[in-house]
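In case you want the letters, here they are:
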Amino acid sequence: MDKYKERCSRLKDILKEVTKENVMLAFSGGVDSSLLLKLLCQAAKETGRQVVAVTMATELHPAQDAEIARKVAEESGAVHKVICVDELSHAGIQYNPENRCYLCKKYLFSELLRAADKAGISTVLEGTNADDLKVYRPGIQAVKELGIQSPLAEAGMTKADIRKLASEYGISVADRPASPCLATRFPYGTKLSIENMQMADEAEKFIRDLGFYNVRVRIHQDTARIEVDDKDLISFLNYRKTVILRLKELGFTYISADLEGFRSGSMDVNLKQRKEI
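So, how was this worked out
- Residues numbered from 1 in each chain as written.
- Predicted model: local features only at pLDDT ≥ 70, side-chain atom pairs only at ≥ 80, totals over all residues.
- Heavy atoms only, no water.
- Pairing = 2+ DSSP bridges.
- Helix = DSSP H or I, 4+ residues; strand = E, 2+ residues; numbered from the N terminus.
- Axes fitted to C-alpha atoms, helices over the stretch in contact; angles between N-to-C directions.
- Contact = heavy atoms within 4.5 Å.
- Buried < 20%, exposed > 50% of the residue type's maximum accessible area, 1.4 Å probe, protein only.
- Right-handed = clockwise from strand over helix to strand, strands pointing away.
- Expected span 1.5 Å × (residues − 1).
- UniProt positions renumbered as here; feature names shortened; annotations may be inferred.
- Domains from an automatic or database assignment.
- Buried area = accessible area lost by both parts, 1.4 Å probe.
- Salt bridge = Lys/Arg side-chain N within 4 Å of Asp/Glu carboxyl O.
- Polar contact = N/O pair within 3.5 Å; in protein donor to acceptor, adjacent residues only side chain to side chain.
- Nonpolar A, V, L, I, M, F, W, Y, C, P; charged D, E, K, R; others polar.

Peer 1: It is not clear to me how the sheet that holds strand β3 (residues 79-84) should be interpreted in this structure. Could you clarify?
Peer 2: Pairing between the strands of a sheet is mediated by backbone hydrogen bonds and can be parallel or antiparallel. Judged by pairing direction, the sheet is parallel, and its four strands sit side by side in the order β3-β2-β1-β4 without closing on themselves. Each end of this open sheet is capped by a strand with a single partner; those strands are β3 and β4 (123-125). For this sheet, the mean inter-axis angle between neighbouring strands, taken without regard to orientation, is 25°. Running at roughly 155° to strand β1 (residues 23-26), helix α5 (residues 100-118) makes contact with β1, β2 (51-57), β3 and β4 of the sheet.

Peer 1: Even after reading the chapter, I still don't get the pairing of β1, so can you show me in this structure?
Peer 2: Each regular strand displays side chains that alternate between the two surfaces of the sheet. Here β1 shows two buried faces, one formed by V23 and L25 and the other by M24 and A26. With helix α2 (residues 31-47) bridging β1 and its parallel neighbour β2, the resulting β-α-β unit is right-handed.

Peer 1: Quick question: what am I supposed to make of α2 here?
Peer 2: Between its terminal C-alpha atoms α2 stretches 24 Å, which fits the 24 Å expected from 17 residues at 1.5 Å a residue. Burial analysis of α2 places 12 of its 17 residues in the buried class, the great majority of the element. Among the residues making up α2, those that are buried are V31, D32, S33, S34, L35, L36, L37, L39, L40, C41, A43 and A44. Note on α2: the residue one or two positions beyond its end, G48, has a positive phi of about 75°.

Peer 1: Just checking my understanding: could you explain the UniProt feature "active site" (unreviewed entry) in the protein chain for this structure?
Peer 2: UniProt's feature table lists "active site" (unreviewed entry) at C181, given in the numbering used throughout. Tracing the backbone through its elements, the reader meets C181 in the loop between α8 (159-168) and α9 (194-209). On the basis of relative accessibility, which here comes to 14%, the residue C181 falls in the buried class.

Peer 1: Honestly, the UniProt feature "domain: NAD/GMP synthase" (unreviewed entry) in the protein chain in this entry has me stumped. Any pointers?
Peer 2: What UniProt calls "domain: NAD/GMP synthase" (unreviewed entry) maps, in this numbering, to residues 5-90. Helix makes up 55% of residues 5-90 and strand makes up 20%, while its end C-alpha atoms are separated by 42 Å.

Peer 1: What is the right way to read the domain arrangement of the protein chain from this model?
Peer 2: Accessible area lost upon the coming together of the parts is a frequently used measure of interface size. Each domain of the protein chain was delimited in the assignment, giving domain 1 (3-169) and domain 2 (182-271). When each unit is reduced to the centre of its C-alpha atoms, the spacing between domain 1 and domain 2 is 27 Å. On the domain 2 side, the residues contacting the 17 residues of domain 1 number 19 residues. Carbon and sulfur atoms supply 54% of the area that domain 1 and domain 2 bury against each other, a total of about 1600 Å² over both sides. Across the contact surface, domain 1 and domain 2 share zero salt bridges. Viewed at the interface, domain 2 and domain 1 are joined by six residue pairs in polar contact (both at pLDDT 80 or more). Across the side of domain 1 that touches domain 2, the residue classes break down as eight nonpolar, four polar and five charged.

In structure tokens form, the structure reads like this:
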């Protein structure tokens, strides 16, 4: 058996074990949690248990995420619940601190655990994968502290593994690009506002609709720094005037294309350097 099949087999064994009881899944509608939901529902059919998928409705995530999550949950046949949360008011992240992800996850998963307790569910899962363990993800610490299980990481499933398996199961979001919290578009120490995060969201949606896959609009005061995949940089410049016009309409004064291209966690560069000193 090759390594990919071994990891997939290990994942299914883990999910078969956890679905001996009712389970609750933190469900964003991204490929990681969507694959988990599909496999959990399959395993639960054999055990006769229930899978409850819970989506956090938050203004810190792109506007379309909640609707995508609803559709994918419907495809899986899981019970789907939505919890409205306000991280800016309750998680202590108003000024985008360096431990923002930890504080936010602590708040969100504490709310999830309360919902699980109310439903009489003791097993709560989330979608951290093996690749996430190799980069700066302070939220993982909160997940561990709260006793939330991460089956994908436990099975050693990489992002490539997850996309491949999701595609094999015909999951509609198998190729959907990652859609992280909109606070990641701002430098640490910046005061976060719903209005500015909506500007970033609208700008990214506009550029994605032009046909670009990975898109990030990082905001540095009145400047938009646009990241697209390295292979798309040249073609992106063909849309220069169109992008400038739309982003100025959204309220940006300066618009720039990042010559390094898209890379996850680009706002963490200085943070990593300080930690290495």
